[in-house]
Amino acid sequence: MGVMKFAPATLKNLFKKPVTTSYPFEPYEYPERTRGHIEITIDECIGCGLCTRCCPCGTLTVDKIKGTWSIDRFDCIACGYCVEKCPKKCLHMVAGYQTPGPEKGRVTYTKSPEVLEAEAKKRAELAEKAAAAKKAKEEAEKAAAAKAEDDKAAEDGKAKDAGTENA
């Protein structure tokens, strides 16, 4: 009696196209808006750290000086907040999942040496400009203070001259 209940479904499925995909032979096409895993275009990253501050799991780390960006993929919940907050849009969600590995660990991306060198030059130029601006500001303040002293001395001298003329 129990076999007879499944007979119509079995016969119906026997003549239908298979529901499953031939996955190993054809790549699986993920549906639109599938949250798979996070990838980065590291050379575009400015190292601001907004992604690390908005990550609810704390899986991301950024080192601006070394030019590295790290993620612990096993702790990441693929919420996409970091992708939304990235000002340079160098983070993006990739459909599909990370390939499994034997060990749990962090994945670290490092900027290319050319990009690191260019950023170091840019930081040095900005530091030089800031130092020159600070020096110019100090000199302007000194000149303004000297002028104020000269003006005060001139006023005092006029007041003394006016005082001796009245006497």
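This text goes with the structure placed above it.
Residues numbered from 1 in each chain as written. Predicted model: local features only at pLDDT ≥ 70, side-chain atom pairs only at ≥ 80, totals over all residues. Heavy atoms only, no water.

**Q** Can you lay out the overall build of the chain for me, pointing to particular residues and giving the numbers?
**A** For the chain, the helix and strand inventory stands at four helices and five strands. When its helices and strands are written in sequence order, the chain yields α-β-α-β-β-α-β-β-α. For 167 residues, the compact-globule formula gives about 15 Å, and the C-alpha radius of gyration of the chain, at 35 Å, lies well above that figure. Every one of the 167 residues in the chain was classed for burial, and the buried ones make up 19%. Contacts in the chain between residues at least 24 apart in sequence constitute 73% of all its contacts with a sequence separation of at least 6. With an accessible surface of roughly 13,400 Å², the chain has 58% of that area assigned to carbon and sulfur atoms. If you average the places of the 28 positive and of the 26 negative side-chain charges in the chain, the two averages end up 11 Å apart. (Helix = DSSP H or I, 4+ residues; strand = E, 2+ residues; numbered from the N terminus. Rg over C-alpha atoms; globule rule 2.2 N^0.38 Å. Buried < 20%, exposed > 50% of the residue type's maximum accessible area, 1.4 Å probe, protein only. Contact = heavy atoms within 4.5 Å. Areas by Shrake-Rupley, 256 points an atom, 1.4 Å probe, with all protein chains shown as cover. Lys, Arg positive; Asp, Glu negative; His and termini not counted. Charge placed at Lys NZ, Arg CZ, Asp CG, Glu CD.)

**Q** A description of the environment of Leu-50 should follow, citing residues and the corresponding values.
**A** The residue Leu-50 is located in helix H2 (residues 50-54) in this model. Residues Leu-50 and Ala-127, 77 residues apart in the sequence, show an inter-C-alpha distance of 23 Å. Leu-50 has contacts with Lys-85 and Pro-87, leaving out every residue within four places of it along the chain.

**Q** Lay out a negative patch on the surface with the relevant residues and their values.
**A** A cluster of acidic side chains, namely Glu-149, Asp-150, Asp-151, Glu-155 and Asp-156, defines a negative patch on the protein surface. In this fold, Asp-151 is placed in helix H4 (residues 113-166). Note on Asp-151: relative accessible area 42%, which makes it partly exposed. (Patch = residues over 30% accessible without salt bridge, like charges linked within 9 Å, V, L, I, M, F, W, Y side chains within 5 Å. Salt bridge = Lys/Arg side-chain N within 4 Å of Asp/Glu carboxyl O.)

**Q** Go over the nonpolar core with me, naming the residues and quoting the values.
**A** Counting 15 residues, the largest nonpolar core has Ile-40, Leu-60, Trp-69, Cys-82 and Leu-91 as its most contacted members. Counting residues per element, the ones that place at least two in this core are strand E1 (37-40), strand E3 (68-72) and helix H3 (81-85). In this structure Leu-91 touches Ile-38, Glu-39, Ile-40, Cys-51, Trp-69, Cys-82, Val-83 and Cys-86, once residues within four positions along its chain are discounted. (Core = buried A, V, L, I, M, F, W, Y, C linked by side-chain atoms within 4.5 Å.)

**Q** Break down the side chain of Thr-59 for me, with residues and values.
**A** The topology assignment puts Thr-59 in the loop between H2 and strand E2 (60-63). Discounting chain neighbours no more than four positions away, the residues touching Thr-59 are Ser-70, Ile-71, Asp-72, Asp-75, Cys-76 and Arg-106.

**Q** Quick rundown of the side chain of Asp-72? Include the residues and the values.
**A** You can see Asp-72 is positioned in strand E3. In this structure Asp-72 touches Thr-59, Lys-104, Gly-105 and Arg-106, once residues within four positions along its chain are discounted.

**Q** Give me the lowdown on unusual backbone geometry, citing residues and values where you can.
**A** The residue Ala-78 is not glycine, and still its phi comes out positive at about 55°. Position of Ala-78 relative to the elements: it lies in the loop between E3 and H3. The buried category is assigned to Ala-78, whose relative accessible area is 10%. Located in the positive-phi region is Lys-89, a residue other than glycine, with phi close to 55°. Looking at the element boundaries, Lys-89 is found in the loop between H3 and strand E4 (91-94).

**Q** For the pattern of salt bridges, give the residues involved together with the corresponding values.
**A** Going through the model one piece at a time under the given rule, you end up with three salt bridges. Between Arg-73 and Glu-39 there is a salt bridge; the shortest N-O distance is 3.5 Å. Here Arg-73 is found in the loop between E3 and H3, whereas its partner Glu-39 is found in strand E1, with 34 residues between them in sequence. Each member of the pair, Arg-73 as well as Glu-39, is classed as buried. A salt bridge links Glu-119 to Lys-111, with the shortest nitrogen-to-oxygen separation between them at 2.6 Å.

**Q** Could you give an account of the pairing of E1, with specific residues and numbers?
**A** Residues of E1 alternate between two faces, with His-37 and Glu-39 on one and Ile-38 and Ile-40 on the opposite face, all of them buried. With four bridges connecting them, E1 and E4 associate as antiparallel partners. Among the inter-strand pairings, Glu-39 is bridged to a residue of E4, identified as His-92. (Pairing = 2+ DSSP bridges.)

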